[in-house]
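# Summary of structural features
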Amino acid sequence: MFGRRRLGSVAALGAAAVAAPAVARAQTAQKWKVQSLWQAGTINQKVFEDFAKRVKAASGGRLEIEPLPVGQIVAYSETLDAITNGILDGHHSGGPYFSGKEPALALIGDLNGGFENPYQMQMWFEYGGGLELARDIYKRFNIYYVGPVWWGVESVPAKKPLRSITDFKGVKMRVPEGLGAEIWRRAGAGVVTLPGSEVYTALDRGVIEATDWGTLGMNNDLGYHKIAKYPLYPGFHSMPAAEVAIGMDKWNALSLDLKVLFEMAVRDFARDMVQRVALEDLKVIEAAKAAGVELVDVGPAERRKFRELSQQAWADWAKKSPTAQKVYDSQTAFLKKIGLL
């Protein structure tokens, strides 16, 4: 009788011990609202949503991300302030959107014409000082820059073949204002600044002849190749790095193991985004000929010309702030180290 009672007590204690961690996890669970720069339903947003699912599973539910699409809470250009003010807990967005606050973010987010693939730029971030520079900048806004996330080298859909840099002279081309626009002006393109929602109509009506937008697959999804049948591929002019950044208070509230887990998850997210978007590009390549689309490769010599042209613009941009100069010096030194300058 006594023995049975004792066994029952041990069983009860064991059940309580098992339940206690679950209670602790429930009490310490973190739930973050994180807004992206991607439209709902796109491959990019799906990859972001999958990242959020993996974080929840790997953390045993201790960290849960609500992966919001672009514009869900605030405009894409307002997420940095929204994190600082506690409206969002974090964002998956891009530094160039906020280069008005710090010009160096344009260089960190997209060194136009610089790196040839995301893995080269990842080396700079992880082994060339880029991550430290980014984190120092975001610390000013009480935000922790977790890590960069690419989607690949971007293409340029064009309505006529552009086989060299000189072919761009006089071409009316939609380009976002900023460092990229400055570089294309130096190349002689007739830069036109338009919101993304107007690009298709502008191409269709001949207001523009080419556009700087996204990767081959992203551009194809938007229907650009139906009217601009000469996309540049492989791309060479732009390889933006978005990021995952979290409010500093939220970040500091995490345990050490969750911080390490999340940083590793962001590195995997970057790989997942690059590779899944690249697979979308391959689908377009396979279907291009049947659709009457010609992929135009400008070749290594022309890419080097564009990089040299871009370097002049980088140097001028670097003069906009002391931090921009530090980022420029770091990136160009690394490009020389890997043989691109």
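Refer to the structure presented above.
These lines cover the structure that appears in this document, whether it is placed above or below. (Residues numbered from 1 in each chain as written. Predicted model: local features only at pLDDT ≥ 70, side-chain atom pairs only at ≥ 80, totals over all residues. Heavy atoms only, no water.)

## Topic: helix α6 (residues 130–139)
Within α6, burial applies to Gly130, Leu131, Leu133, Ala134, Ile137 and Tyr138. Buried residues of α6, seen end-on, are gathered within an arc of 165° and therefore sit on one face of the element. (Buried < 20%, exposed > 50% of the residue type's maximum accessible area, 1.4 Å probe, protein only. Helix = DSSP H or I, 4+ residues; strand = E, 2+ residues; numbered from the N terminus. Arc of directions from axis to C-beta.)

## Considering the pattern of salt bridges
Taken as a whole and assessed by the stated rule, the structure comprises 24 salt bridges. Close ionic contact of Glu66 with Lys33 constitutes a salt bridge, the shortest N to O distance being 2.9 Å. Here the residue Glu66 occupies a position in strand β2 (residues 63–68), and Lys33 occupies one in strand β1 (residues 30–36), the gap between them amounting to 33 residues. A salt bridge links Arg307 to Glu116; the nearest nitrogen and oxygen atoms lie 3.1 Å apart. Within this pair, whereas Arg307 is found in helix α12 (residues 300–318), its partner Glu116 is found in the loop between α4 (104–109) and α5 (118–127), the two being separated by 191 residues in sequence. It is possible to trace a salt-bridge network through shared partners that takes in Asp50, Arg54, Asp268, Arg271, Asp272 and Arg276. (Salt bridge = Lys/Arg side-chain N within 4 Å of Asp/Glu carboxyl O.)

## Things to note about the environment of Asp281
Relative to the helices and strands, Asp281 is located in helix α11 (residues 256–288). When the C-alpha positions of Asp281 and Ala57 are compared, they lie 30 Å apart, and in sequence the two are 224 residues distant. In contact with Asp281, other than residues within four places in its own chain, are Thr215, Leu216, Gly217 and Tyr233. (Contact = heavy atoms within 4.5 Å.)

## Overview of the packing of aromatic side chains
If you walk through the whole model with that rule in mind, you get 19 aromatic pairs. With a centroid separation of 4.8 Å and 90° between ring planes, the pair formed by Trp38 and Trp151 is classed as edge-to-face. With Trp38 in the loop between β1 and α2 (43–58) and Trp151 in the loop between β4 (143–150) and β5 (172–174), this residue pair connects regions lying 113 residues apart in the sequence. Accessibility classification places Trp38 together with Trp151 in one group, the buried group. Here the aromatic rings of Phe125 and Tyr145 are separated by 6.3 Å at their centres, their planes lie at 5°, and the arrangement is stacked. Of the two residues, Phe125 sits in helix α5 while Tyr145 sits in strand β4, which places them 20 residues apart along the sequence. Residue placement shows Lys320 over the ring face of Trp317; its charged tip is 4.6 Å from the ring centre. (Phe/Tyr/Trp six-rings, centres within 6.5 Å; stacked < 30°, edge-to-face > 60°. Lys NZ or Arg CZ within 6 Å of the ring centre and 35° of its normal.)

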